[in-house]
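Geometric and topological summary
One letter stands for each residue in the lines below.
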Amino acid sequence: MSENQNLLAEQRRSLILDEVRRRGGVRVNELTRKLGVSDMTVRRDLDALARQGVLEKVHGGAVPVVEASTHEPGFEAKSGLEQTAKEDIARAAAGLVTPGSAIALSGGTTTFALAHHLLDVPDLTVVTNSVRVADVFHAAQRTSGPRQGAATVVLTGGVRTPSDSLVGPVADQAIATLHFDLLFLGVHGISPQAGLSTPNLAEAETNRRLVHSARRVVVVADHTKWGVVGLSSFATLEQVDTLVTDAGLPADARVEISEHLRELVLAGDSGQASED
């Protein structure tokens, strides 16, 4: 973390959260010095991060929140985190889509960002178990009216989760009869040992069905998901064809991922790289 008075609030908070997670806690006076901002600004940032439930304020600073493997944040809480990284990832992932493809998008805030970048890709068939993702395409049609090449959207049924995904037997049965050229999968956590995981047991089963129905599996996840393990694993890293993440992924993690995955795509201000 280097001193920079021109950092946007989102950038400051991302840096603060990374520092808290990396060191296990930080003090306000350390953050003011490293970020080059006032004590009041740091305290406002800590208040905002505490409201999102991603850290805990203590006297003079902050510490990480120790989450149970069953803890599932809501969509709104997750949408405020790593926004720049998610946009970078979404932009890079959209470049993998060919017009006329049948694609699937799972639930999640990163797939929600991706959906916005797919609106101008013609003749897509989009299957999703995300209410939020479906709303992106439906809202675009309501705004611009019927247009040639607009995506055909199939929304699975199911029971709604805190992250606005539809899961359960109804969703599973619908997905099992379909076949996708490409699946974009958001995840709660990714690690070499647990693979892809989620705190929601029903969502894990629905995600298994999505993976099974896809010719190519692309995970879209920012660097903070690396090393996180949820209650239920639903795929190994070997079942993933491509991971699209941001340039914040540490170098040692990049090496470890390359041992399991066919392709790693890094998106961000530092440029986009691909490793096979």
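My aim in this report is to walk through the structure given alongside it, one point at a time. Worth saying up front: this structure is predicted, and the values here are computed from it rather than measured.

**A short note on the sheet that holds strand β10 (residues 189-191)**
- Ordered by their spatial adjacency, three strands build an open sheet running β10-β11-β13, and the pairing between neighbours is antiparallel. Bordering the open sheet on either side are β10 and β13 (232-235), each of which pairs with just one other strand. With strand direction ignored, the average angle separating the axes of adjacent strands in the sheet is 35°.
- Taken together, the three bridges between β10 and strand β11 (residues 195-198) define a ladder with antiparallel strand orientation. Note on β11: the bridge partner recorded for Gly 189 is Ser 197.
- Each of β11 and β13 touches helix α9 (residues 201-212); the most contacted strand, β13, lies at about 5° to it.

**Observations regarding the sheet that holds strand β3 (residues 61-64)**
- In space, the three strands of this open sheet follow the order β1-β3-β2, with antiparallel pairing throughout. Every interior strand has two partners, whereas the edge strands, β1 (26-27) and β2 (55-58), have only one.

**Some thoughts on the packing of helix α6 (residues 109-117) against helix α7 (residues 131-144)**
- Contact geometry for α6 and α7: axes closest at 9 Å, N-to-C directions at 15°. By the criterion of interaxial angle, the relationship of α6 to α7 is roughly parallel. Where α6 crosses over α7, the two elements pack in a sense that is right-handed. Touching Thr 111, Phe 112, Ala 115 and His 116 of α6 are Arg 132, Val 133, Val 136 and Phe 137, all from α7.
- Residue classes in the contact of α6 with α7 are distributed as five nonpolar, two polar and one charged.

Rules behind the numbers
- Residues numbered from 1 in each chain as written.
- Predicted model: local features only at pLDDT ≥ 70, side-chain atom pairs only at ≥ 80, totals over all residues.
- Heavy atoms only, no water.
- Pairing = 2+ DSSP bridges.
- Helix = DSSP H or I, 4+ residues; strand = E, 2+ residues; numbered from the N terminus.
- Axes fitted to C-alpha atoms, helices over the stretch in contact; angles between N-to-C directions.
- Contact = heavy atoms within 4.5 Å.
- Parallel < 35°, antiparallel > 145°, perpendicular 65-115°, else oblique.
- Left-handed = near helix turned anticlockwise from the far one by under 90°.
- Nonpolar A, V, L, I, M, F, W, Y, C, P; charged D, E, K, R; others polar.

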